[in-house]
Amino acid sequence: MQTRPIKVAQATGLRTWLATSTGRTVVTSVFIIAVALVTAVILIQVQGYEAFGTIGAGLQYALGSGTSIARTLAWGLPLYVAALGVAIAFRSGMFNIGAEGQVYAGALAAALAGAYLGPMFTGLHLVITTAAAAIVGGAIAAGLGWLRAAWDVDEVLSTLLSNYIIILFCTYLATGPLRDPGRQSGTTREIFNSARFTEIMPRTGLTWAIVVVLLACVGTWWLSERTIVGYRWRMTGESPGFATAVGINVKRSRILAMMTSGALAGIGGSLLVTASQGRFWTEIGSGIGWDAVLIALIARARPIPTIVWVTIYCVMRATARGIEQVSTVPSELSLILISVIIIAAAAKSGLFARIAALHTRFSSTKGR
């Protein structure tokens, strides 16, 4: 006699939980990962390989040991910071599509500060290189935000075009006046050792730059979710009219959010130099800024989901490289999957609404 009320209460509690933001996030994540997994299985089977065994080999490469995990995370350190920067801009209603250019600008600024200042005390030198990258990236993004606030220039257009201007200008400097005369390729001088992060685990690429990333993750979450500034940014993004009505300076909030976004993207660029490459070169960005934009969209511009999705993406990239080693499936599989994930994330709301409508129609028909 007690079983039915308990089951009803449990079902009600489950529906209540699913209606919360956490529940919706979990459902969305499970749906998206399932779509990506099905897509990966199909693509691998088409190549003539046993799908789950091949994926298992790729996961072993990505997560099979402490060294593998360290190597997987090392690649994504700049992406964590850049993606959080893009998320902050999106949260304030500003679409910073210029993260790739800001990553390049930050990388070049860090390379110059690391090569032409010093050598000096390592901690101080790293602070200077990181600060230089943040200032340059922040100044660029703030300028683009000001164009929107003062002249109503569409930031999607201005930030998108800024990528080409900044990347081409950085390429010109690296192949021209700032080129390392000892190398024929388009690179700047090598930075001093005092401007490099040291490795935590040998031969993994994982350096103490992870401390900078952890500070950026915690600081971004706190700034976005626990401060008055973050509240103003959220209100500006969700309802500019309401924000203006309650006394928030919308223009100032947008510019400040863009400046913070660009500063984080610039720091992401600096990590490419100080934690990995040791100098600036013309292909240093490798699409990290674009990846940051895509991940911020998937995570709906929220800090914690952004961090989670960057981690998932890092595992996907490493798994794809592992799959490539045991098969002829190209590592670009991860790029296909991230595209599928974005489409699935965009289609999820409409799909779930259609399913709910069909369920309601079926229930009403059955009840007649």
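This text follows the structure it describes.
A brief look at the structure comes next.

1. Describing the overall build of the protein chain
Working step 1: Along the backbone of the protein chain there are 14 helices and zero strands.
Working step 2: Seen in sequence order, the protein chain has helices and strands lined up from the N terminus as α-α-α-α-α-α-α-α-α-α-α-α-α-α.
Working step 3: Carbon and sulfur atoms provide 67% of the accessible area of the protein chain, an area that totals close to 18,300 Å².

2. Describing helix α6 (residues 122-151)
Working step 1: For α6, which comprises 30 residues, the first-to-last C-alpha distance of 43 Å matches the rise-based estimate of 44 Å (1.5 Å per residue) to within 8%.
Working step 2: Immediately downstream of α6, the backbone of Asp-152 shows phi near 60 degrees, a positive value.

3. Concerning the packing of helix α5 (residues 99-116) against helix α12 (residues 288-298)
Relative placement of two packed helices is described by the angle separating their axes and the distance separating the axes.
Working step 1: Contact pair α5 / α12: the axes reach a minimum separation of 7 Å and the direction vectors enclose 140 degrees. Judged by the inter-axis angle, α5 sits oblique to α12. The chirality of how α5 crosses α12 is right-handed. Residues Ala-99, Glu-100 and Val-103 of α5 lie in contact with α12, whose contacting residues are Ile-288, Gly-289, Trp-290 and Val-293.

4. Side note on the pattern of salt bridges
Working step 1: Evaluated as defined, the whole model comprises six salt bridges.
Working step 2: Two residues, Glu-155 and Arg-148, come together in a salt bridge whose shortest N-O distance is 2.4 Å. Considered together, Glu-155 and Arg-148 belong to a single accessibility category, that of buried residues.
Working step 3: Linking Glu-190 and Arg-196 is a salt bridge whose minimum nitrogen-to-oxygen distance equals 2.7 Å.
Working step 4: Residue classification places Glu-190 among the partly exposed residues on the basis of a relative accessible area of 44%.
Working step 5: Several salt bridges converge on common partners, so that one network encompasses Asp-180, Glu-190, Arg-196 and Arg-279.

5. Some points on the environment of Ser-270
Working step 1: Locating Ser-270 in the fold gives a position in helix α11 (residues 250-277).
Working step 2: Distance in space between the C-alpha atoms of Ser-270 and Leu-108 is 7.7 Å, their sequence separation being 162 residues.

6. Comments concerning unusual backbone geometry
Working step 1: With omega at 0 degrees, the peptide bond leading from Gly-118 into Pro-119 counts as cis.
Working step 2: Take Pro-119: it is sitting in the loop between α5 and α6.
Working step 3: The phi dihedral of Arg-203 is positive, around 60 degrees, even though this residue is not glycine.
Working step 4: Mapped onto the elements of the fold, Arg-203 is located in the loop between α7 (155-175) and α8 (209-226).
Working step 5: Residue classification places Arg-203 among the exposed residues on the basis of a relative accessible area of 76%.

7. Notes on the packing of α6 against α7
Working step 1: Where α6 meets α7, the closest approach of the two axes is 10 Å, and the angle between their N-to-C directions is 145 degrees. Seen along the crossing, α6 lies across α7 with a hand that is right-handed. Of the residues in α7, those in contact with Ile-140, Leu-144 and Arg-148 of α6 are Glu-155, Ser-158, Thr-159, Ser-162 and Ile-166.

8. Notes on the nonpolar core
Working step 1: Judged by nonpolar contacts, the single largest core of 78 residues is most densely connected at Phe-280 and Ile-341.
Working step 2: Excluding its chain neighbours within four sequence positions, the residues that come into contact with Phe-280 are Tyr-104, Ala-107, Leu-108, Ala-111, Cys-170, Ala-174, Gly-186, Thr-187 and Thr-188.
Working step 3: Ala-89, Met-94, Leu-144 and Met-258 belong to the second-largest nonpolar core, a separate cluster that totals five residues.

Here is what the cut-offs are and how they apply
- Just so you know, the residues in each chain are numbered from 1, in the order the chain's sequence is written.
- Reporting in this predicted model follows two pLDDT cut-offs: at least 70 for local features of residues, and 80 or more for side-chain atom pairs to be given and counted; totals over whole chains, interfaces and linings ignore these cut-offs and use all residues.
- Just so you know, side-chain values use all the structure's heavy atoms and leave hydrogens and water out.
- Secondary structure follows DSSP: runs of H or I at least 4 residues long count as helices, runs of E at least 2 residues long count as strands, and numbering of each begins at the N terminus.
- Under the convention used here, a 1.4 Å probe and the Shrake-Rupley method define accessible areas, while residue burial counts only the protein chains that appear.
- Expected span of a helix, by definition, is 1.5 Å for each gap between consecutive residues, and there is one gap fewer than residues.
- Lines are fitted to the C-alpha atoms to define the axes, a helix being fitted only along its stretch in contact, and any angle between axes, read from their N-to-C directions, falls within 0 to 180 degrees.
- These descriptions rest on fixed angle ranges, namely under 35 degrees for roughly parallel, over 145 for roughly antiparallel, 65 to 115 for roughly perpendicular, and the rest for oblique.
- We call a crossing left-handed when the near helix sits turned anticlockwise from the far one by less than a right angle, and right-handed when that turn is clockwise.
- Contact criterion: two residues are considered in contact whenever any of their non-hydrogen atoms come within 4.5 Å of each other.
- A pairing counts as a salt bridge when a side-chain nitrogen of Lys or Arg comes within 4 Å of a carboxyl oxygen of Asp or Glu.
- Three exposure classes are used, based on accessible area relative to the maximum for each residue type with a 1.4 Å probe and protein chains only: buried under 20%, partly exposed in between, and exposed over 50%.
- Each nonpolar core is a collection of buried residues, namely Ala, Val, Leu, Ile, Met, Phe, Trp, Tyr and Cys, held together in the definition by side-chain atoms within 4.5 Å.

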